[in-house]
Amino acid sequence: MKAGLLQASIKNRGLILDPRTKFLLMLTMSIFVLGGAGGKTAGRWMPVFCAIPAIALLSAKKFKRAAGYLLLYCLADASVFFISGRVHGFIYFLIMGICGILLRFLPCLMMGAYLVSTTTVSEFTAAMLRMHISEKIIIPLSVMFRFFPTVLDEFKSINTAMKMRGIRFGGVGIAKMIEYRIVPLMTCCVKIGEELSAAALTRGLGGDVKRTNICKIGFHVQDHIVIALCLVPYVLPAVQFFGLAV
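In this text, all values refer to a predicted model and were calculated from it rather than measured experimentally. (Residues numbered from 1 in each chain as written. Predicted model: local features only at pLDDT ≥ 70, side-chain atom pairs only at ≥ 80, totals over all residues. Heavy atoms only, no water.)

**Observations concerning a nonpolar patch on the surface**
Operational definition: Residues enter patches when their relative accessible area tops 30% and they take part in no salt bridge; the joining distance is 9 Å for like charges and 5 Å for the nonpolar side chains Val, Leu, Ile, Met, Phe, Trp and Tyr. Accessible surface area values rest on a Shrake-Rupley calculation with a 1.4 Å probe, where residue burial reflects the displayed protein chains alone. We count a salt bridge whenever a side-chain nitrogen from Lys or Arg sits within 4 Å of a carboxyl oxygen from Asp or Glu. Only runs of H or I of at least four residues qualify as helices and only runs of E of at least two qualify as strands under DSSP, and these elements are numbered from the N terminus. Throughout this description, buried means an accessible area under 20% of the type-specific maximum (1.4 Å probe, protein chains only), exposed means over 50%, and partly exposed covers the range between.
A cluster of nonpolar side chains, L27, L231, Y234 and V235, forms an exposed patch at the surface whose accessible area comes to about 340 Å². The greatest single-element share of the nonpolar patch, amounting to three residues, is contributed by helix 9 (residues 221-241). By secondary structure assignment, the location of L27 is in helix 1 (residues 19-34). Overall, L27 belongs to the partly exposed group, its relative accessible area being 47%.

**Section: the nonpolar core**
Applied cut-off: Nine residue types can take part in a nonpolar core, namely buried Ala, Val, Leu, Ile, Met, Phe, Trp, Tyr and Cys, and a core is a set of them joined through side-chain atoms within 4.5 Å. We call two residues in contact when some of their heavy atoms are within 4.5 Å.
Membership of the largest hydrophobic core comes to 32 residues, with the highest contact counts inside it found for L25, M29, V33, F49, Y69, Y73 and M111. The set of elements that each furnish at least two residues to this core consists of helix 1, helix 3 (46-59), helix 4 (63-83), helix 5 (90-118), helix 6 (121-130), helix 7 (135-164) and helix 9. With nine residues, the top contributor of residues to this core is helix 5. Ignoring any residue separated from it by four or fewer positions in sequence, one finds M29 in contact with L34, F49, P53, P107, C108 and M111. Formed by eight residues, the second largest nonpolar core is a distinct cluster that contains M162, M177, L185 and I192.

**Some details on the confidence of the model for the protein chain**
What counts is decided by this rule: Per residue, pLDDT measures the predictor's confidence, with a range of 0 to 100.
For the protein chain, per-residue confidence averages 79 on the pLDDT scale, and residues scoring 70 or more make up 83% of the total. For the stretch residues 1-6, pLDDT sits under 50, and the model shows 12 contacts to residues farther than four places along the chain or on other chains.

Written out as structure tokens, the structure is:
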């Protein structure tokens, strides 16, 4: 079965990075792309980090998603450039608000989707244990790591079932449309949470004995390159602060 947007798959995941490298990359993008930290000095590297999700998706052979991301991002960026000085008033603030949200949130969302879709629960758990994270944190995170992909699959199945029964827009009222989808989805969410929690415990998480893991993780050349890239926006503001920058 073809993997969904958030379904982890070890096949065709392209550039193989250690989960800890992905977490660092995600954290760096959240701070400097989404948060806008570092000012103009770190902002110079923003286009580089915005291009990383597209490169990662292309390496994983997710061509449609990469093309959709690049198209949407470029349209938002071009809209900001062309409306400057040409549009005024409420329309200007509306377009700038929408484009600003896309430019800030979209790269981080796509990077998060890549992280989840290319990292298995075993790799995630092994990475957390290597960082000496408490299992009180690992267990909830490992459950949530697979919660959203499973809920997404359930939502697709509910939509398919509703279409088979002829329940679609125009056939019934909006209230019925919401009821027929939200109520089953809420029931599934409760059941999925319980099943994933039980699955995490049967894997040995939370036990007194140290858990073994056959999953092999480690840093390679590509990890060192990405880590060095992530350190740049942290170092540049510090260098400028001490007056060493040109």
